[in-house]
Amino acid sequence: MGVALEKLPGIVERFPGGSVAVTQLDQAINLARSNSLWPLMFGTKCCAIEMLMATGAAHHDLARFGAEVARASVRQADLMVIAGAIVKKMAPRMRLLYEQMAEPRYVIATGSCAISGGPFMYNSYTIVRGADEIVPVDVYVPGCPPRPEAFFWGLMTLQKMIREGETIREPGIRRKPVMAALPEDVSMHDIRREICSALIEDNVVDVAKAADEKPWARKVREWIQKSSSR
Amino acid sequence: MDPEKLLALIESICPTVRHRAHADRAALSIAADELLALMAVLRDDPALRFDFLVTHTAIDLPDEKCFELVYLLYASEHGHSLFVTTRVDRDNPVVPSVCGLWPIAEWQEREVYDLMGVLYDEHPDLRRMFLEDDWVGFPLRKDYQDEHMLELPK
Ligand code: SF4
């Protein structure tokens, strides 16, 4: 028995129960939901700088994932990104925000603080040890803070979960939470190399080429051509 | 005014102050019951004119059974600054409030009350500042404990 349980897949496959239409509808609805997550404009600590400001800005661009419409009102949002540690004073307020969010609502907890209390786990009088003490979390993104690409990985995991997950026949029943760490084959070295080449691209200039590209340089070239053809 | 001159001047006005060594600027300590009188002189004397209470904080010294209160003053006109420290008994931490001299002290003293539990005499509004009103205890005291806290395993 124990062996069989260990081998159970993460998702329990359900028979359509004779209603093909509902399954197809589920797929369409889930696809729509997963591609139009509206995050709540809300951050509790330093992770928020990375999670909502850096990812939302032009370079990383959250819009590519259909989740850029950050709402300042919980009533219009369906994704809560818990970016950082939560203090005891904030906890009931965060719970209140969660309860006011539109359903179905999803929660991503980013950073070690939101996962377990992180560096504030011990001897802290005020930090709550993990967002899951307050609200049910769907995806955990480890890091301190996670890099924007790690956050995107978590977001994509959530989207995948939504697509595979819920059915309108049983709203609110979905996959158990997962930890979405960047895969191992993406190393710091890769990231560094990428940043390095981006830096070179941004900061190095071929002077002769740049001078040639100036609009007035063309004018001069035309003159020279004209005078030499004469 | 350079620190030595500053301290000499203050000493000539108020002879009970004691200098403190190992400070990067003029620093002195005074008994708590003389604090208010000294602070009034520091603020109003034309040669001193400490018109700005930059910060106020407290240090818990459980071994010496006291709190050390620290006031950092700055004189915007003369450009000199000064640390004033005083000590209060840890079991009965009552000190006069300096709100009457620098209104900003109201919040700074509330913060120290909130986290250390120092009581300020004649403070207009001594309530919690950062913690919830129903919080029990003063968490920045070295001996603070509550049931939520987790000890770091040795
Ligand atoms: S996980 Fe790190 S970056 Fe994120 S809130 Fe905690 S301390 Fe800040």
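Up top you'll find the structure we're talking about.
My aim in this report is to walk through the structure given alongside it, one point at a time. Please read these numbers as outputs of a predicted model, since none were measured by experiment.

Rules of the game
Residues numbered from 1 in each chain as written. Chains lettered and ligands numbered in written order. Predicted model: local features only at pLDDT ≥ 70, side-chain atom pairs only at ≥ 80, totals over all residues. Heavy atoms only, no water. Helix = DSSP H or I, 4+ residues; strand = E, 2+ residues; numbered from the N terminus. Buried < 20%, exposed > 50% of the residue type's maximum accessible area, 1.4 Å probe, protein only. Areas by Shrake-Rupley, 256 points an atom, 1.4 Å probe, with all protein chains shown as cover. Pairing = 2+ DSSP bridges. Contact = heavy atoms within 4.5 Å. Axes fitted to C-alpha atoms, helices over the stretch in contact; angles between N-to-C directions. Disulfide = S-S within 2.5 Å. Salt bridge = Lys/Arg side-chain N within 4 Å of Asp/Glu carboxyl O. Core = buried A, V, L, I, M, F, W, Y, C linked by side-chain atoms within 4.5 Å. Lys, Arg positive; Asp, Glu negative; His and termini not counted. Polar contact = N/O pair within 3.5 Å; in protein donor to acceptor, adjacent residues only side chain to side chain. Buried area = accessible area lost by both parts, 1.4 Å probe. Nonpolar A, V, L, I, M, F, W, Y, C, P; charged D, E, K, R; others polar.

## Considerations on the overall build of chain A
Reasoning step 1: Within chain A, the regular secondary structure consists of nine helices and four strands.
Reasoning step 2: Start at the N end of chain A and walk to the C end: the helices and strands fall as α-α-α-β-α-β-α-β-α-β-α-α-α.
Reasoning step 3: Here chain A, with 230 residues, has 33% of them falling under the buried criterion.
Reasoning step 4: For chain A, the exposed area adds up to about 14,300 Å²; of that, 60% sits on carbon and sulfur atoms.

## Quick notes on the pairing of strand 4 (residues 66-74) of chain B
Residues and elements named next belong to chain B.
Reasoning step 1: Most of strand 4 sits out of view: eight of its nine residues are buried.
Reasoning step 2: Pairing of strand 3 (residues 52-61) with strand 4, which is carried by nine bridges, proceeds in the antiparallel orientation. Directly across from L61, in strand 4, lies its bridge partner C66.
Reasoning step 3: Pairing of strand 4 with strand 5 (residues 81-89), which is carried by nine bridges, proceeds in the antiparallel orientation. Considered in strand 5, the bridge of L72 is made with F83.
Reasoning step 4: Joining the antiparallel neighbours strand 4 and strand 5 is a turn of six residues, in which G79 adopts a positive phi near 75 degrees.

## What to know about unusual backbone geometry
Reasoning step 1: Following E103(A), the chain continues into P104(A) via a peptide bond in cis, with omega recorded as -5 degrees.
Reasoning step 2: Residues C144(A) and P145(A) are joined by a peptide bond in cis, for which omega reads -15 degrees.
Reasoning step 3: If you trace the backbone, P145(A) turns up in the loop between strand 3 (139-141) and helix 6 (148-164).
Reasoning step 4: A positive phi angle is found at R49(B), which is not glycine, with a value near 50 degrees.
Reasoning step 5: Tracing the backbone through its elements, the reader meets R49(B) in the loop between helix 2 (35-44) and strand 3.
Reasoning step 6: Even without glycine at this site, E122(B) takes up a positive phi of about 65 degrees.
Reasoning step 7: You can see E122(B) is positioned in the segment after strand 7 (119-121).

## Here's the deal with the sheet that holds strand 1 (residues 79-83) of chain A
All names here are of chain A.
Reasoning step 1: With respect to topology, four strands assemble into an open sheet ordered 1-2-3-4, the strand pairing being parallel. Either end of the sheet is taken by a strand with one partner, and the two such strands are strand 1 and strand 4 (178-179).
Reasoning step 2: Against the sheet, helix 6 contacts strand 1, strand 2 (106-110), strand 3 and strand 4, and its axis sits at roughly 155 degrees relative to strand 2.

## Some points on the state of the cysteines
Reasoning step 1: Counting across every chain of the model gives zero disulfides over all chains.
Reasoning step 2: In this structure C14(B) is a free cysteine whose sulfur lies 20 Å from that of C66(B), the closest cysteine sulfur available.

## Some remarks on the sheet that holds strand 2 (residues 27-29) of chain B
Residue and element names in this part refer to chain B.
Reasoning step 1: A sheet is described by the order of its strands in space; here five strands give the open sequence 1-2-5-4-3, paired in mixed fashion. Where the open sheet ends on each side, the last strands, each with one partner, are strand 1 (18-19) and strand 3.
Reasoning step 2: Helix 3 (residues 105-116) rests against strand 3 and strand 4 of the sheet, and its axis sits at about 15 degrees to strand 3.

## Looking at the pattern of salt bridges
A pair can form between side chains of opposite charge whenever their charged atoms are brought close.
Reasoning step 1: Per the stated rule, a full pass over the model turns up 16 salt bridges over all chains.
Reasoning step 2: Between E132(B) and R93(A) there is a salt bridge; the shortest N-O distance is 3.4 Å. Here the residue E132(B) occupies a position in the segment after strand 7, and R93(A) occupies one in helix 4 (residues 91-100), the pair thus bridging two chains.
Reasoning step 3: Judged by relative accessible area, R93(A) falls into the partly exposed class, the value being 40%.
Reasoning step 4: Salt-bridge contacts for R87(B) lead to E64(B); the nearest nitrogen and oxygen are separated by 2.5 Å.

## Concerning the nonpolar core
Reasoning step 1: Counting residues in hydrophobic clusters, the biggest one holds 35 residues, and the most contacted among them are L38(B), M39(B), L42(B), Y71(B), L82(B) and V84(B).
Reasoning step 2: Of all the secondary-structure elements, those providing two or more residues to this core are helix 1 (3-13), helix 2, strand 3, strand 4, strand 5 and helix 3 of chain B.

## With respect to the side chain of D78(A)
All names here are of chain A.
Reasoning step 1: Structurally, the position occupied by D78 is in the loop between helix 3 (47-54) and strand 1.
Reasoning step 2: At 6.9 Å, R33 is the nearest oppositely charged side chain to D78, a buried residue that forms no salt bridge.
Reasoning step 3: Engagement of the side chain of D78 in a polar contact is seen with the backbone nitrogen of W38, the distance being 2.8 Å.
Reasoning step 4: When near neighbours in sequence (up to four residues on either side) are disregarded, D78 contacts S36, L37, W38, M101, A102, P104, R105 and Y106.

## Focus on the interface of chain A and chain B
Reasoning step 1: Of the residues lining the interface, 13 residues belong to chain A; the matching set on chain B comes to 16 residues.
Reasoning step 2: Counting each side, the surface lost to burial between chain A and chain B is near 1,300 Å², with a carbon and sulfur contribution of 58%.
Reasoning step 3: Considering only the surface of chain A that becomes buried against chain B, Y122(A), N123(A) and Y125(A) emerge as the three largest contributors, covering 49% of it.
Reasoning step 4: Our count for the chain A to chain B interface comes out at six residue pairs in polar contact (both at pLDDT 80 or more).
Reasoning step 5: Taken together, the residues of the side of chain A that touches chain B sort by class into six nonpolar, two polar and five charged.

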